[in-house]
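Per-entry structural report
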Amino acid sequence: MEKRARRLLLGWLCVLAVLLPAAPAATAQAPAPRPVVFVHGYNADPGVWGSLRADFKAAGYGDGDLFSWGYDTSRSVNEDLAGQLAAYVAEVRTRTGADRVDLVAHSFGSLVTRWYVKFGGGAPAVAHWVSLGGPNHGTTTAWACALWSQACRDMTPGSYVTDRLAQGDETPGPVAYATWASACDEVINPDDSVPLAGAANHGAGCLAHNDLLGDDAVSQGVRAFLAAPAP
């Protein structure tokens, strides 16, 4: 009787093993996106990033991964703004626990972010840097407002800011750099002001200066660049 009971119990256990669903296998969880700090251009505000932020959210970024820095665009790149950006990035890293952030800048914001990375101690805190239509070597259109705006003076060709940023390594530190430039940009003159030595430089076709912010191809390119491994 005892052997028969054991055989019967073993049979029921085999039946249960067939009928009960197997426990789902553990799936690897995708790493959280690196925080992105958007830095707008001259005479603008964080609202310009609405389209790009929507694209990032559709691609899996959360509100807690996306930050838009607002600042007084009439101020000096090297004396004021780069230091303010450094404080903001430090705050983002504290809030998110991230060791590094990605910077995406438009126009004048490119000079602010570059100064922070090159001279403001930002290189260890930045993984990727992106410039959309940045006056990286100056733009002649900035002379139109240079009389009353320090920021415009900083954007002129041959200014203290553009000259210092061009000296030595234009893309220093353990940072991946990329630029997007348009052949029809009415603000950046000359067009070849945007590309940097050592960066992944991209053409954006024929887009107006502010259209770089909402173009699908540019958006896809930026997101793909940020998704690549950081140096």
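Our structure's up above, just so we're on the same page.
Just so it is clear, the structure is predicted and the values come from calculations on it, not from any experiment. (Residues numbered from 1 in each chain as written. Predicted model: local features only at pLDDT ≥ 70, side-chain atom pairs only at ≥ 80, totals over all residues. Heavy atoms only, no water.)

Focus: the packing of helix α3 (residues 77–96) against helix α4 (residues 109–119)
In the contact formed by α3 and α4, the axes pass within 9 Å of each other and the chain directions differ by 75°. Looking at the two axes, α3 sits roughly perpendicular to α4. Mapping the contact onto sequence places Val77, Asn78, Leu81, Ala82, Leu85, Ala86 and Val89 in α3 and Leu111, Val112, Thr113, Trp115 and Tyr116 in α4. Class assignment for the residues of the contact of α3 with α4 results in 10 nonpolar, two polar and no charged. (Axes fitted to C-alpha atoms, helices over the stretch in contact; angles between N-to-C directions. Helix = DSSP H or I, 4+ residues; strand = E, 2+ residues; numbered from the N terminus. Parallel < 35°, antiparallel > 145°, perpendicular 65-115°, else oblique. Contact = heavy atoms within 4.5 Å. Nonpolar A, V, L, I, M, F, W, Y, C, P; charged D, E, K, R; others polar.)

Quick look at the layout of surface pockets
There is about 250 Å³ of room inside the largest pocket. Considering the residues around the largest pocket, the lining is formed by 16 residues, among which Tyr42, Asn43, Ser107, Val187 and His209 are closest to the centre. A per-class count over the lining of the largest pocket returns eight nonpolar, eight polar and no charged. (1 Å grid on protein atoms, 1.4 Å probe; cavity = no way out; pocket = protein on both sides within 12 Å on 5 of 7 lines; lining within 4 Å. Points joined across faces, edges and corners; volume = space filled by probe spheres on them.)

Concerning the sheet that holds strand β4 (residues 126–132)
Across the sheet, six strands lie side by side as β2-β1-β3-β4-β5-β6; this open sheet has parallel pairing. In this open sheet, the two edge strands, each paired with only one partner strand, are β2 (66–69) and β6 (200–203). Pairwise comparison of adjacent strand axes, ignoring direction, gives a mean angle of 15° for this sheet. Bridging between β4 and strand β5 (residues 176–181) involves five bridges; their strand directions are parallel. Each residue of the ladder has a partner; that of histidine 128, found in β5, is alanine 176. With respect to the sheet, α3 is in contact with β1 (36–39), β2 and β3 (101–106), its orientation differing from that of β2 by roughly 160°. Strands in contact with α4 are β1, β2, β3, β4 and β5; relative to β3, the strand with the most contacts, it is inclined by about 145°. (Pairing = 2+ DSSP bridges.)

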